[in-house]
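In case you want the letters, here they are:
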Amino acid sequence: MSNHLTVGDPAPSFTLPDADGQPVSLAEFRDRSVVVYFYPKAETPDCTTEACDFRDNLASLQGAGFSVVGISPDTPEELAAFTSNHGLAFPLLSDVDNAVAKAWGAYGERERNGQTTVGIIRSTIVVGPDGTVEHAEYGVDAKGHVARLREQLSVA
């Protein structure tokens, strides 16, 4: 299990397949800011709420210079269905072995319904144009998260 990233840390590089099976790497977002969010499972209530909130706020985030990328252990096929079912217009990436989540500190012990389990920790990390962490939150609540993030990033 990894330590959480903090402001100023270099963001670990990655290349993962998207919903179409095409490789997407962090390097493709160099020279702009990117919101990388980790979520446990497509089509579950909280993950759907969060993804749809990012969808509904995508124009304002992009207008402020932020791209958005979601990462989960779902397969590309599951991500394709999730994208289609909810009209998601940003890349969702498949991290089936959780290697990227571990490198980014988004995998470990978490509490859910009073029980401690090991898995994806719902997390959001903002990476600046220089590849360093500008903002990092772990164990976020899906409901209202995007609105809070917009406020923290001063996105109108």
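Here the structure is a predicted model, which is why all the values come from computation and not from measurement.

Visitor: Let's hear about the environment of N98: which residues, and what values?
Guide: Position of N98 relative to the elements: it lies in the loop between β5 (92–94) and α3 (99–103). A residue is classified by how much of its surface remains accessible, and N98, at 12% relative accessible area, is buried. Along the backbone, N98 and G119 are 21 residues apart, and their C-alpha atoms lie at a distance of 8.6 Å. Setting aside anything within four residues of it in sequence, one finds N98 in contact with P73, Y107 and I120.

Visitor: Please set out the sheet that holds strand β8 (residues 123–127) residue by residue, giving values where relevant.
Guide: Each strand in a sheet pairs with its neighbour through backbone hydrogen bonds, running either in the same direction (parallel) or in the opposite one (antiparallel). Taken together, the five strands give an open sheet; going across it, the order is β5-β4-β3-β8-β9, and neighbouring strands pair in mixed fashion. Looking at strand neighbours, the two that pair on one side only are β5 and β9 (133–138), the edges of this open sheet. The mean inter-strand angle of the sheet, taken between neighbouring strand axes irrespective of direction, is 20°. The pairing of strand β3 (residues 33–38) with strand β4 (residues 66–72) spans six bridges and is classified as parallel. Along β4, the bridge assignment pairs F38 with I71. Sitting on the sheet, helix α1 (residues 45–63) is in contact with β3, β4 and β8, with an inclination near 160° to β4. Where helix α4 (residues 145–152) meets the sheet, it contacts β3, β8 and β9, and its direction lies at approximately 150° from that of β9.

Visitor: Lay out the side chain of R122 with the relevant residues and their values.
Guide: Tracing the backbone shows R122 in the loop between β7 (115–120) and β8. Residue R122 is classed as buried on the basis of its relative accessible area of 10%. Sequence-distant contacts of R122, defined by excluding residues within four places in its chain, comprise F38, Y39, P40, D46, C47, E50, E137, Y138, G139, V140, D141 and A142.

Visitor: Quick one: what's the story with the state of the cysteines, residue by residue and with numbers?
Guide: Where two cysteines share a covalent bond between their sulfur atoms, that bond is called a disulfide. This model, assessed by the stated rule, comprises zero disulfides. The thiol of C47 is unpaired, and the distance to the nearest cysteine sulfur, on C52, comes to 11 Å. With relative accessibility at 13%, the residue C52 sits in the buried group.

Visitor: Mind laying out the layout of surface pockets, listing which residues take part and the relevant values?
Guide: Roughly 180 Å³ of internal volume is contained in the largest pocket. Of the residues forming the lining of the largest pocket, the biggest block, three residues, is contributed by strand β6 (residues 107–112). Looking at the lining of the largest pocket, its residues break down into five nonpolar, one polar and six charged.

Visitor: Give a description of α1 that names residues and reports values.
Guide: Along its 19 residues, α1 runs 28 Å from first to last C-alpha, staying within 8% of the 27 Å computed at 1.5 Å per residue. Along α1, the sharpest change in direction is near 60° and occurs at N57. On its buried face, α1 sits against β3, β4, α2 (76–86), β8 and α4. G65 occupies a position one or two residues after α1 and carries a positive phi of about 95°.

Visitor: Residues and numbers for unusual backbone geometry, please.
Guide: Non-glycine residue D31 carries a positive phi angle of around 75°. In this structure D31 comes out as exposed when scored by relative accessible area, which is 70%. The backbone of S154 shows a phi angle near 60°, a positive value even though the residue is not glycine. Given the relative accessible area of 66%, S154 is considered exposed.

Visitor: How would you summarise the packing of α1 against α4 if you had to cite specific residues and measurements?
Guide: Where α1 meets α4, the closest approach of the two axes is 9 Å, and the angle between their N-to-C directions is 30°. With respect to each other, α1 and α4 are oriented roughly parallel. In this structure, α1 contributes E50, D53, F54, N57, S60 and L61 to the contact, and α4 contributes H145, V146, L149 and R150. A per-class count over the contact of α1 with α4 returns four nonpolar, three polar and three charged.

How each quantity is defined
Residues numbered from 1 in each chain as written. Predicted model: local features only at pLDDT ≥ 70, side-chain atom pairs only at ≥ 80, totals over all residues. Heavy atoms only, no water. Helix = DSSP H or I, 4+ residues; strand = E, 2+ residues; numbered from the N terminus. Buried < 20%, exposed > 50% of the residue type's maximum accessible area, 1.4 Å probe, protein only. Contact = heavy atoms within 4.5 Å. Pairing = 2+ DSSP bridges. Axes fitted to C-alpha atoms, helices over the stretch in contact; angles between N-to-C directions. Disulfide = S-S within 2.5 Å. 1 Å grid on protein atoms, 1.4 Å probe; cavity = no way out; pocket = protein on both sides within 12 Å on 5 of 7 lines; lining within 4 Å. Points joined across faces, edges and corners; volume = space filled by probe spheres on them. Nonpolar A, V, L, I, M, F, W, Y, C, P; charged D, E, K, R; others polar. Expected span 1.5 Å × (residues − 1). Bend = angle between axes of the 7 residues up to and from the residue. Parallel < 35°, antiparallel > 145°, perpendicular 65-115°, else oblique.

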